[in-house]
Amino acid sequence: NAGVTQTPKFRVLKTGQSMTLLCAQDMNHEYMYWYRQDPGMGLRLIHYSVGEGTTAKGEVPDGYNVSRLKKQNFLLGLESAAPSQTSVYFCASSYKGLVTDTQYFGPGTRLTVL
Amino acid sequence: GQQVMQIPQYQHVQEGEDFTTYCNSSTTLSNIQWYKQRPGGHPVFLIQLVKSGEVKKQKRLTFQFGEAKKNSSLHITATQTTDVGTYFCAAVHGSGNTGKLIFGQGTTLQVKP
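Given the structure is predicted, the values throughout are model-derived calculations rather than measurements.

Things to note about the overall build of chain B
A count of helical and extended segments in chain B gives zero helices and 11 strands. Mapped from its N terminus to its C terminus, chain B presents α and β elements in the order β-β-β-β-β-β-β-β-β-β-β. A compact globule built from 113 residues should have a C-alpha radius of gyration of about 13 Å, and chain B, at 14 Å, falls within 12% of that. Based on the C-alpha atoms only, the size of chain B along its principal axes is roughly 45 × 30 × 20 Å. In chain B, once contacts between residues fewer than 6 apart in sequence are set aside, the share between residues at least 24 apart is 54%. On chain B, roughly 5400 Å² of surface is accessible, and the fraction owed to carbon and sulfur atoms is 51%. Computing the positive centroid from 11 side-chain charges and the negative centroid from 6, chain B places the two 9 Å apart.

A look at the sheet that holds strand S7 (residues 65-67) of chain A
In a beta sheet, neighbouring strands are held together by backbone hydrogen bonds and run either parallel or antiparallel to one another. Residues and elements named next belong to chain A. Pairing in this open sheet of four strands is antiparallel, and the strands run S1-S3-S8-S7 from one edge to the other. Each end of this open sheet is capped by a strand with a single partner; those strands are strand S1 (4-7) and S7. Between one strand and the next, the sheet's axes are offset by a mean angle of 20°, whatever the strand orientation.

Observations regarding the interface of chain A and chain B
Contacts between the two partners involve 21 residues from chain A, matched on the other side by 21 residues from chain B. Across the chain A/chain B interface, buried area totals approximately 1800 Å², and carbon plus sulfur atoms make up 56% of it. The interface formed by chain A and chain B holds zero salt bridges in total. Those elements that place two or more of their residues in the side of chain A that touches chain B are strand S4 (31-37) and strand S5 (43-49) of chain A. Considering every element that reaches the side of chain A that touches chain B, the biggest residue donor is S4(A), with four residues. Per-class residue counts for the side of chain A that touches chain B are 12 nonpolar, eight polar and one charged.

With respect to the sheet that holds strand S1 (residues 4-7) of chain B
Residue and element names in this part refer to chain B. Reading across the sheet, the five strands line up as S1-S3-S8-S7-S6 and stay open at both edges, with antiparallel pairing between neighbours. Where the open sheet ends on each side, the last strands, each with one partner, are S1 and strand S6 (55-58). When the angles between neighbouring strand axes are averaged without regard to direction, this sheet yields 15°. Inspection of the sheet shows S1 paired to strand S3 (residues 19-25) by four bridges, in the antiparallel sense. The residue bridging Val4 from the neighbouring strand is Ser25, located in S3.

A word on the packing of aromatic side chains
All names here are of chain A. All told, the structure shown has 14 aromatic pairs over all chains when counted by the stated rule. Ring plane angle 80° and centroid distance 6.4 Å describe the contact between Phe90 and Phe105, whose orientation is recorded as edge-to-face. Of this pair, Phe90 sits in strand S9 (residues 87-94) while Phe105 is found in strand S10 (residues 104-105), placing the two residues 15 residues apart along the sequence. Assigned by exposure class, Phe90 and Phe105 land together as buried.

Parameters and conventions
- Residues numbered from 1 in each chain as written.
- Chains lettered and ligands numbered in written order.
- Predicted model: local features only at pLDDT ≥ 70, side-chain atom pairs only at ≥ 80, totals over all residues.
- Heavy atoms only, no water.
- Helix = DSSP H or I, 4+ residues; strand = E, 2+ residues; numbered from the N terminus.
- Rg over C-alpha atoms; globule rule 2.2 N^0.38 Å.
- Contact = heavy atoms within 4.5 Å.
- Areas by Shrake-Rupley, 256 points an atom, 1.4 Å probe, with all protein chains shown as cover.
- Lys, Arg positive; Asp, Glu negative; His and termini not counted.
- Charge placed at Lys NZ, Arg CZ, Asp CG, Glu CD.
- Pairing = 2+ DSSP bridges.
- Axes fitted to C-alpha atoms, helices over the stretch in contact; angles between N-to-C directions.
- Buried area = accessible area lost by both parts, 1.4 Å probe.
- Salt bridge = Lys/Arg side-chain N within 4 Å of Asp/Glu carboxyl O.
- Nonpolar A, V, L, I, M, F, W, Y, C, P; charged D, E, K, R; others polar.
- Phe/Tyr/Trp six-rings, centres within 6.5 Å; stacked < 30°, edge-to-face > 60°.
- Buried < 20%, exposed > 50% of the residue type's maximum accessible area, 1.4 Å probe, protein only.

Shown next as structure tokens:
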């Protein structure tokens, strides 16, 4: 099993450009999450999904959109990138999203917006 | 909203010294999870605590959940260079089975050989 994979690993954008980050998991997990990690701020939840075809807002959703068309994939989109979105983005998944479930993280995408 | 405060933000120790990081919440937590992130890596689950006053051990790591379920700690005995990384606590946000976690800011541990 590959676990949770993310593409791309690195990306540099100019302000105003758009891009999509792809997260894929092969563990048949129902729940998937997108986080951003900034120095000194831990991980903050952007959006999450409790199953195929569903999405919900997390702590910091503004400027991002997501889609979960297939159970194994969770896409994060930036329509018009801003320098404030420079960050490391992590995708995670869990089996059922139960309070006792472990979250499995992907390797991360390092995004720089100039 | 619910917040989880973690201290200290950074800790430098000599190899062989002990290390402790603390996690505090203003609200009662249903459970708490601990993750470790190596430099340049991704968070990896370490352990989960559910019961009031619970203590769990993993080799040199000791995890504790407070009696009031508002705080938790991770203690490493006799640190090694392999312990280097950032340790995060994470608490379940809200009620029900949403699976959303609120992460502390993390404690970054540096170990001098």
